[in-house]
Amino acid sequence: MAAGFKTVEPLEYYRRFLKENCRPDGRELGEFRTTTVNVGSIGTADGSSLVKLGNTTVICGIKAEFGAPPTDAPDKGYIVPNVDLSPLCSWRFRSGPPGEEAQVASQFIADVIENSQIIQKEDLCISPGKLAWVLYCDLICLNHDGNILDACTFALLAALKNVQLPEVNINEETALAEVNLKKKSYLNIRTHPVATSFAVFDDTLLIVDPTEEEEHLATGTLTVVTDEEGKLCCLHKPGGSGLTGAKLQDCMSRAVTRHKEVKKLMDEVFKSMKPK
Amino acid sequence: MPGDHRRIRGPEESQPPQLYAVGEDEEPAARDPTRLRPVYARAGLLSQAKGSAYLEAGGTKVLCAVSGPLQAEGGERGGGPAGTGGEAPAALRGRLLCDFRRAPFSGRRRRAPPGGGEERELALALQEALEPAVRLGRYPRAQLEVSALLLEDGGSALAAALTAAALALADAGIEMYDLVVGCGLSHTPGPSPTWLLDPTLLEEERAAASLTVALMPVLNQVAGLLGSGEGGPTESWAEAVRLGLEGCQRLYPVLQQCLVRAARRRGAAAPP
């Protein structure tokens, strides 16, 4: 009976739950799904992580390669993110070049990296003008159940913290790089940006961490990225219903709380990996 | 990548640090040529796909998802295998579309996302091996989409993808005659060449020839065979195929267990 009503009138079905201040899966309006993170599982990648936000699963693998620094910034390296949404994660996507949602997500991650200064690009430079590290961050969504942006940001952060780069010396005589694969060091992560996504219902109600069904029924979405000092790194609001200033303020305070939760989880994971 | 405006731009070209590394190459350790690496298989883990399976064998990790049956695209299908006796006429049979992708971070060198010829060849091999096992006549004018993603390549990637794809199809409830189990082999070069079952990445890289066999264990019929390289006389290849088929049979009980567990989990989770 309930399942039939849900198929015919999904919005009404949802409104009944929202009136009672809860959602069909039992969560409160401001509650996140269970978040789990697993770091360093892919041996061939220089850094990797797997993040599960409820059913949404994103895996991030980072490969570090050598490249020439950009001509307009000879003392900087590159960080190249790429979000991949394939038919594997949801029947909505077609195989082939990245669709609209994937391009938007990739650009969002690039903006987060740029604005939050997760890594100083100068740290990636080995020899100004000649050699720098290029970090290819490939985020593959394995299961799309809503809230891709949060999962991708978290996966990227965890993978970057897991990356180990080998030591490189430039030999003066041959001007070639010499790489010592046995000696590796971690990256210097300066900030920890965490994303919190909201969905707007009927132009008024805000819910946190929408699932895929909720994203379809929503009239607008909003993503707030904060770092540990409570500073705002990035705000992503692609159209949709308008929000008052007060509501935005609420969102930002929720984002700050979420940041603390995520930071605690990450610290636990990395502390448990220490003896290596 | 120059010209690809849909992705974030990186440098024009880049080289892996391994090219400049100072150090010795590793040699694969000697081992029993018929050993199979322990396999971890789990079905039914992706909520958005109709059926899914994850397979891990040594360092090889493959994830496969199946969606469908969906409306077939492209309208009338003209040719197709002519009169494969018994089943529905070719124009009414369902289609199996396979897609094989390597994650960019799965190998030693990063592979940029548009895969290229090798992935298409492997996707075709997947399709040809899975078709004999699936009852496509039961899904007229529909298509089944199988997507295999290789997360980490530790040797015998195609074999693992075949097995994962068959598990995913079974998990999706698609009618099948039998499972398909894949096994990889590689031929060591040198003075005393031997065929090694289930090679690791190191062994595969140094091989003079490689072979992947797909078997339907209960029917005991070979579903697919893909081999290349210089393997020597035909008896050597025949011996390799025999070794591969044995390996597939040994793997079958693990997969049966996996599907039973997945079915139990589904039964327990289903709403009353």
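All values derive from a computational prediction rather than experimental measurement.

A cis amide bond links B:G68 with the next residue in sequence, B:P69, at an omega value of -5°. By secondary structure assignment, the location of B:P69 is in strand β4 (residues 60-71). Positive phi values are uncommon outside glycine, yet A:D209 reaches one of about 55°. By secondary structure assignment, the location of A:D209 is in the loop between β10 (205-208) and α5 (212-217). Residue B:S156 is not a glycine yet carries a positive backbone phi of 50°. The residue B:S156 is located in the loop between β6 (142-152) and α2 (157-171) in this model.

Residues and elements named next belong to chain B. A large share of strand β3 (residues 51-57) lies buried, amounting to six of its seven residues. Judged from the seven bridges that link them, β3 and β4 form a sheet pairing that is antiparallel. Note on β4: the bridge partner recorded for L55 is V62. Between β3 and β4, which pair antiparallel in sequence order, lie two residues; one of them, G58, sits at a positive phi of approximately 65°.

Each partner contributes to the interface: chain A provides 47 residues, whereas chain B provides 41 residues. Around 3,800 Å² of area is buried between chain A and chain B when both sides are counted, 59% of it from carbon and sulfur atoms. Where chain A touches chain B, the interface holds three salt bridges. Between A:R94 and B:E145 there is a salt bridge, with its nearest N and O atoms 3.5 Å apart. Relative to strand β1 (residues 14-15) of chain B, strand β3 (residues 56-67) of chain A is paired through two bridges, and the arrangement is antiparallel. By the bridge assignment, A:F66 is partnered in β1(B) with B:Q15.

Right, let's talk about the sheet that holds strand β12 (residues 232-236) of chain A for a bit. Residues and elements named next belong to chain A. The four strands lie next to each other as β10-β9-β11-β12, forming an open sheet whose pairing is antiparallel. Strands with a single pairing partner mark the edges of an open sheet, and in this sheet they are β10 and β12. The sheet shows a mean angle of 25° between the axes of neighbouring strands, taken without regard to direction. Pairing of strand β9 (residues 194-201) with β10 involves four bridges; the strand directions are antiparallel. Its bridge partner lying in β10, V200 is registered against L206.

So, on to the side chain of A:K63. Note that A:K63 resides in strand β3. Despite its burial, A:K63 remains without a salt bridge, the nearest opposite charge being carried by A:D46 at 5.2 Å. Side-chain polar atoms of A:K63 contact the backbone oxygen of B:G107, separated by 2.9 Å. With residues up to four places along the chain from it excluded, the contact list for A:K63 reads A:T44, A:A45, A:D46, A:V134, A:L135, A:Y136, B:P104, B:F105, B:G107, B:R108, B:R109 and B:R110.

Any two packed helices are characterised by the angle at which their axes cross and by the distance between the axes. All names here are of chain A. At a closest axis distance of 12 Å, the pairing of helix α4 (residues 148-162) and helix α6 (residues 245-273) adopts a crossing angle of 30°. When the axes of α4 and α6 are compared, the pair comes out roughly parallel. Here the hand of the crossing between α4 and α6 comes out right-handed. Contacts from F154, L157, A158, K161 and N162 in α4 reach V262, L265, M266, F270 and M273 in α6. In terms of residue class, the contact of α4 with α6 is built from eight nonpolar, one polar and one charged.

Residues and elements named next belong to chain A. In the numbering adopted here, UniProt assigns the feature "domain: Exoribonuclease phosphorolytic" (unreviewed entry) to residues 31-166 and 193-256. Secondary structure within residues 31-166 divides into 24% helix and 37% strand; the distance between the first and last C-alpha atoms comes to 41 Å. Structurally, residues 193-256 is divided into 28% helix and 38% strand, and its ends, taken at the C-alpha atoms, are 10 Å apart.

Rules behind the numbers
Residues numbered from 1 in each chain as written. Chains lettered and ligands numbered in written order. Predicted model: local features only at pLDDT ≥ 70, side-chain atom pairs only at ≥ 80, totals over all residues. Heavy atoms only, no water. Helix = DSSP H or I, 4+ residues; strand = E, 2+ residues; numbered from the N terminus. Buried < 20%, exposed > 50% of the residue type's maximum accessible area, 1.4 Å probe, protein only. Pairing = 2+ DSSP bridges. Contact = heavy atoms within 4.5 Å. Buried area = accessible area lost by both parts, 1.4 Å probe. Salt bridge = Lys/Arg side-chain N within 4 Å of Asp/Glu carboxyl O. Axes fitted to C-alpha atoms, helices over the stretch in contact; angles between N-to-C directions. Lys, Arg positive; Asp, Glu negative; His and termini not counted. Polar contact = N/O pair within 3.5 Å; in protein donor to acceptor, adjacent residues only side chain to side chain. Parallel < 35°, antiparallel > 145°, perpendicular 65-115°, else oblique. Left-handed = near helix turned anticlockwise from the far one by under 90°. Nonpolar A, V, L, I, M, F, W, Y, C, P; charged D, E, K, R; others polar. UniProt positions renumbered as here; feature names shortened; annotations may be inferred.

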